[in-house]
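# Fold and contact review
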Amino acid sequence: MADPKKEGFRTYAYLLLYIALSSGQIFFNKWVLSSKEINFPYPLGLTLLHMVFSSVVCFVLTKILKVMKVEEGMTPEIYATSVVPIGAMFAMTLWLGNTAYLYISVAFAQMLKAIMPVAVFVLGVAAGLEVMSCRMLLIMSLISFGVLVASYGEININWIGVVYQMGGVVGEALRLIFMEIFVKRKGLKLSPVSVMYYVSPCSALCLFLPWIFLEKPRMEEHGLWNFPPVLLILNCLCTFALNLSVFLVISHTSALTIRVAGVVKDWVVVLLSAVLFADTKLTIINLFGYGIAIAGVAAYNNYKLKKEASRDTTDASEHDESSERQQSQPLTSR
């Protein structure tokens, strides 16, 4: 029997690892891309390298070293109709999100990300996965109002960066919608490592095509790399480690825990960015608006978790009733 104290310590260690890696990766990418720091202004190329690195590592771990297993059941039809859209949206999210760091501060980008539940809910309603209600409309209005207030308080607002960041938010919302459709309608459940194994190569291909036309000519003109390869490999390793930390947190905690950890991470990123980067100047209006938005996000998470718990309870009761009916039926001889 496992020691509860050791299990609790391990859970907190995984949570701290996730928060540290997630926050650190955001700062690392900003540091690499910023013209005032490393000055590698190729977000598409950087994201492409992350996906290629992830694809290679997943292949080595699952097919060569065989320390991890990929679930069976993937078919060409499922891959084309589910994995490809997920991979394309994941590529879009990372590309546009990293590009936004060229124009806006990390803190402001994180504030804009708070609008994510609104995008997910609106697209979910359009896809028939969500039902509009007065309560959800109120929550969505609260989040939107908070983000607007935070944006109003931004001193150095750059609308190009805002457009890129909101495009990344839409891409992430679509990815989550496609993931939900994939799980509900395809019936194939994959571990996070398996998802990375299938999605990473697809995302890399989706990024490679625009990279050829948009960034490759500029990179060849100014030199492919203007920072040490060791730093590049470390950046890719951090990205892969972040994905694995998400796997560890999900496997050892609940949905509520990972969502609360995400909110804590957001605040850590917003506050630390003001210390680490010169382009971040937080105002009272910024923080007040972001606080309102986070309150709305917390209400949304609470609503979703209660809904999921209610669904699980209903499914369990239906399963029990079905078992009881089968046991009560008399046996007949043929």
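Look above for the structure.
Here's what I pulled together on the structure shown here. (Residues numbered from 1 in each chain as written. Predicted model: local features only at pLDDT ≥ 70, side-chain atom pairs only at ≥ 80, totals over all residues. Heavy atoms only, no water.)

### Quick look at helix α6 (residues 134-152)
Worth spelling out the cut-off: Numbered from the N terminus, helices here are DSSP runs of H or I no shorter than four residues, and strands are runs of E no shorter than two. By definition here, a helix of n residues has an expected span of 1.5 Å times n minus one. Exposure categories follow from relative accessible area, calculated using a 1.4 Å probe and restricted to protein chains: below 20% of the type maximum is buried, above 50% is exposed, and the middle band is partly exposed.
Taking 1.5 Å per residue, 19 residues should reach 27 Å; α6 reaches 27 Å between its end C-alpha atoms and fits that length. Those residues of α6 lying buried are Met136, Ile139, Met140, Ile143, Gly146, Val147, Val149, Ala150 and Ser151.

### Considerations on the pattern of salt bridges
For clarity, the threshold we go by: Any carboxyl oxygen of Asp or Glu within 4 Å of a side-chain nitrogen of Lys or Arg constitutes a salt bridge here.
Evaluated as defined, the whole model comprises 3 salt bridges. For the salt bridge of Glu172 with Arg175, the shortest nitrogen-to-oxygen distance reads 2.8 Å. In this pair, Glu172 and Arg175 are both assigned in helix α7 (residues 159-186), 3 residues apart and thus about one turn of the helix distant. The class for Glu172 is buried, based on a relative accessible area of 15%. Its salt-bridge partner being Asp266, residue Lys265 comes within 3.2 Å of it at the nearest N-O pair. Given the relative accessible area of 10%, Lys265 is considered buried. Judged by relative accessible area, Asp266 falls into the buried class, the value being 16%.

### Side note on the packing of aromatic side chains
Stated formally: For this analysis, a ring pair means two rings from Phe, Tyr or Trp (six-membered ring only for Trp) whose centres lie within 6.5 Å, classed as stacked if their planes differ by under 30 degrees, edge-to-face if by over 60, and tilted for the remaining angles.
Taken as a whole and judged by the stated rule, the model has 7 aromatic pairs. Ring centres 5.9 Å apart and planes at 35° place the aromatic pair Phe208 and Trp211 in the tilted group. Note that Phe208 and Trp211 are positioned in helix α8 (residues 192-214) at a spacing of 3 residues, about one turn of the helix. Here Phe208 falls in the partly exposed class, since its relative accessible area comes to 36%. Judged by its relative accessible area of 13%, Trp211 falls in the buried class. Taken together, Tyr79, Tyr197 and Tyr198 form an aromatic cluster joined through their ring pairs.

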